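Residues per chain, in single letters:
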Amino acid sequence: MKKLMLSTAIAAFAAGAAYAESHSVVRMGTEGAYPPWNFINDAGEVDGFERELGDELCARAELTCEWVTNEWDSIIPNLVSGNYDTIIAGMSITDERDEVIDFTQAYTPPDPSSYLAMDAGLDVTGAVIAAQAATIQAAYVAEQGWTLVEFPTPEETVNAVRNGEADAVLADKAYLEPFSGQDGLVLLERSEMIGGGVGVGVRESDGELKAALDAAIQSMKDDGSLNALIEKWEVASTW
Amino acid sequence: MFEFCAEPDTLGRIQWLSCYLTTGKHMNFYWSFLTVLVLLAITAPTALLFGFGGATAARSAFAPLRWFGKAYIAIVRGVPDIAFFLFFVIALDQLFEYIRHRIKCPDWVDPIWQGNDFIVCTAAKLPLGNAPQWVHETYGFFLAVLTFAIVFGAFAANVLYGAMQAVPRAQLETAEAYGMSRRQVFRRILVPQMWLYALPGLSNLWMILIKATPLLFLLGVEDIVYWARELGGSINERFTDYPHGDWRIWYFLGLLIFYLAFTRVSEIAFDRLTRRLTHGQATIGGEAMRKAAT
Amino acid sequence: MMTCWETIQAYGLRSIGIGERLLPRDDFTLCQQFTLIGSGMIWNLYYGLVAIAVGFFIASALAVAKGSANRWLRKPAEWFIFVFRGSPLFIQFFFAYFLFLSLKQYGIMPWLTSAQAGALIVLILNTSAYSAEIFYGALRAVPKGDVEAADAYGLSGWPRFKRIIWPTMLRLAWPAYTNEAIFLFHATALVSFSGFPTWGQRGDALYYASYFADKTFNPFVPYPILAFYFILLTLTVIAIFGRVNRQLNRHLPKERRQKMRLRMNLIR
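The rules behind each value
- Numbers given to residues run from 1 along each chain, matching the order in which its sequence is written.
- Chain labels run from A onward and ligand labels from 1 onward, assigned in the order the entries are written.
- Only residues with pLDDT of at least 70 get local features here, since the model is predicted, and only at 80 or more are side-chain atom pairs given and counted; chain-wide, interface and lining totals rely on the full set of residues.
- Side-chain metrics in this entry use all non-hydrogen atoms of the structure; hydrogen atoms and water are not considered.
- For every residue, the predictor states its confidence as a pLDDT score lying anywhere from 0 to 100.
- Each helix is a run of DSSP H or I of at least 4 residues and each strand a run of E of at least 2, with the numbering of both proceeding from the N terminus.
- By definition, residues are in contact when any of their heavy atoms lie within 4.5 Å.
- Definition used for salt bridges: Asp or Glu carboxyl oxygen within 4 Å of a side-chain nitrogen of Lys or Arg.
- Identification of polar contacts relies on pairs of N or O atoms within 3.5 Å, with a donor-acceptor requirement for protein atoms, meaning one able to donate a hydrogen and the other able to accept it, and with residues adjacent in sequence counted only if both atoms are side-chain atoms.
- Side-chain classes follow a simple rule in which Ala, Val, Leu, Ile, Met, Phe, Trp, Tyr, Cys and Pro form the nonpolar group, Asp, Glu, Lys and Arg form the charged group, and the remainder, Gly included, forms the polar group.
- Each residue is assigned to one of three classes by its accessible area relative to the maximum for its type, calculated with a 1.4 Å probe on protein chains only: buried under 20%, partly exposed between the two thresholds, exposed over 50%.
- In plain words, nonpolar cores are sets of buried Ala, Val, Leu, Ile, Met, Phe, Trp, Tyr and Cys residues tied together by side-chain atoms within 4.5 Å.
- Domain borders in the structure are assigned automatically or taken from a domain database.

A. Spatial organisation of the confidence of the model for chain B. All names here are of chain B. Confidence in the prediction of chain B, expressed as mean pLDDT, is 87, and 99% of residues score 70 or more. Per-residue pLDDT, averaged within each element of chain B, yields its smallest value for helix H10 (residues 284-293) (74) and its largest for helix H2 (residues 24-58) (94). The complex prediction reports pTM at 0.88, with the ipTM value standing at 0.87.

The following block contains the structure:
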């Protein structure tokens, strides 16, 4: 009996050691082009809500973390291929993504997407709507049967409204809000409830890392520090 | 960078600009020019090596090798470089890790592909999981060089293959008459002589290579176009000390000048090289030079 | 579950707005990927064919202008060729879109901001510059004897150019021009990476390939399919241009024709 217990302990220890060895450095993958969630600051470093959040999570989970940026289009293939260990890039938890990777619990609640237009009284149903290609917003507009015009980057979608290519742009409210009031751009009252909350993406085989991050997020939720961060960066509503 | 940059809002125009242009982000931008130049400098000889291998294989007397050489040239040339770049780097990375995994962890029992995940043992990871960031970046850079070299190597192979065929038969036959073996003819006559015929094609290839560098961001290398877009995009005062509107046009203008200047310098260099190689050759150009000299 | 034939009927012409409006959203089959990416190839073909057809004439004019003794003709042609050959297509797309947007704000030709018109113009100008350089090189390589013989027959000016110089130039330039055509078709793949937006999910082949790569999170299926289509396209271009080449050289004795083929590998 004693022997058995000892061997389980050794096995547990060995598993823990293997985990510690493979995750002596956790590489955090982000996009770096989506303020206020994540962006490159003047010093050329990753900054924003998710930078602060990620550093805090790593501190609480006692992990050493390192930040890397990756194109949005290939951010999931590079995670499953093992080029970094997490995706922390404002990624909404959706069923399709959940089939391929795992998500921790959400760190921001589901938030509506908003429209930004030049005319506050615009009726979006008959209008030309701009969206970033391959986003949940683009899929939503296509589904409604409205005229969709897609651009590769979020920046260009807002430009399209400014110069009249599109009547409105549909995107995350937090992304559009800083533009409202500039050059006559206004947020419309109408908003759409699409997408879930935002979570950290990890490989499906990486259960221990997921558990560690989950616990850290829970502890930040519990002591209110997560809400404080969300308010500081104005990324979403609070818990 | 400068002392007075602590509060950019209060500065005059010139000072503001000097602060703006020396932020860490701009330093990354300038650094990326160097990255691109170094990448070109390494890729060109590597691609030439691949090209040489491909051309030699395509001329080989050994049929499977010949098929391999010809297939390499035909397939890679038939596909737009962008289509390759979109999946090739991940594929190469997985291939390397798979090979290392086979060697380093022979008694690993778990499957390597678990659903969507690609998992090799820790020791086989490239670079090792706990390696510092610069190692990761260097490895990414190396993968980009390799991808570029494989794609442009196929074009180079095509050029060199043509050039080898274009060396006058009489020169090769003369060498044989002197009693050189097949290998000697190849090394001493064919290879030195073919460069003249290959040069127009290779110079063209170099120009195309230069102009393919904006696709580097697809390979995970933060190149000059990536930073120009990043820096030029309008940015809100919440996220920077230097808010500005859409300035991409100015950054791209800078890139345009860079590319045009680089092309011009390359053209001049190739002109010189052509003149040196043409010297003393039994071609129209060589004849013209001989006449001009006498 | 649709059968493959039904999928082809629903999505075969999706890229030009005919068929099912909504793109597939789950259970992505190989058949769907082949069909939609193939459907997108319609636009790649359109860009390539129109650009080659129009660019051919512009290139001929530019080549003559570059070879002209008049510096008011020569200098602009030289600069045009230098700028378009010396800068990446990516950057040309960016500037073109910016320019067309500014024009649109003044109400001038607003339709230019669509990829089908704007990106096409960039591709035409781009291939014109590359082909002009090839034609110019060939023009200088036209044998002196041909021109002298034409003079002896009393041909001069336009008839001499049309009947003697131009056909010879074309014959000399053809192998290199074939390569340019291949490169141009490859360049059409860049359109969806340019600043030009995609309207109503009617995109080119790369647009649909990246759509599937994004939805399935697996780049190893859609991009090789795209590559497969382009290999087919390249082989077709080589076959057609090879046939024209034989037609152009049909008056030559056999061994000299052989020589022509070798040049193909030399210049771009």
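B. Here's a closer look at the interface of chain B and chain C. The interface is formed by 40 residues belonging to chain B together with 34 residues belonging to chain C. One can count zero salt bridges joining chain B with chain C. Scanning the region where chain B abuts chain C turns up six residue pairs in polar contact (both at pLDDT 80 or more). Mapped by element, the contributors of at least two residues to the side of chain B that touches chain C are helix H3 (63-78), helix H4 (81-104), helix H5 (133-166), helix H7 (182-212), helix H8 (224-232) and helix H9 (248-278) of chain B. For the side of chain B that touches chain C, the element with the highest residue contribution is H9(B), accounting for 11 residues. Looking at the side of chain B that touches chain C residue by residue, the classes come out as 26 nonpolar, eight polar and six charged.

C. Here's a closer look at the pattern of salt bridges. Within the structure shown, the criterion is met by 21 salt bridges over all chains. Residue B:Arg248 is joined to A:Glu156 by a salt bridge in which the shortest nitrogen-to-oxygen separation is 4.0 Å. With one member in each of two chains, B:Arg248 in helix H9 and A:Glu156 in helix H6 (residues 154-162) form a pair that bridges those chains. The exposure class of A:Glu156 is buried, given its relative accessible area of 12%. The salt bridge partner of A:Glu234 is B:Arg238, with a shortest N-O separation of 3.8 Å. Placement of A:Glu234 in the segment after helix H9 (225-233) and of B:Arg238 in the loop between H8 and H9 is noted, with the two residues assigned to different chains. Overall, the relative accessible area of 44% leaves A:Glu234 in the partly exposed class. Within the structure, one salt-bridge network assembled from shared partners comprises A:Glu56, A:Arg60 and A:Asp223.

D. Inspection of the nonpolar core at higher detail. If you look at the biggest cluster of nonpolar residues, it comprises 213 residues, and the most contacted ones within it are A:Tyr107, B:Phe152 and C:Phe135. When residues of this core are assigned to their parent elements, the largest contribution, 20 residues, is made by H5(B). Of the domains in this structure, domain 1 (24-109 + 197-233) and domain 2 (113-192) of chain A are the two that each give at least three residues to this core. Discounting residues that sit within four places of it in the chain, B:Phe152 has contacts with B:Ala47, B:Asp81, B:Leu205, B:Ile208, B:Leu209 and B:Ala212. Among the nonpolar cores identified, the runner-up in size contains 16 residues, and A:Ile129, A:Ala131, A:Trp146 and A:Leu188 belong to it.

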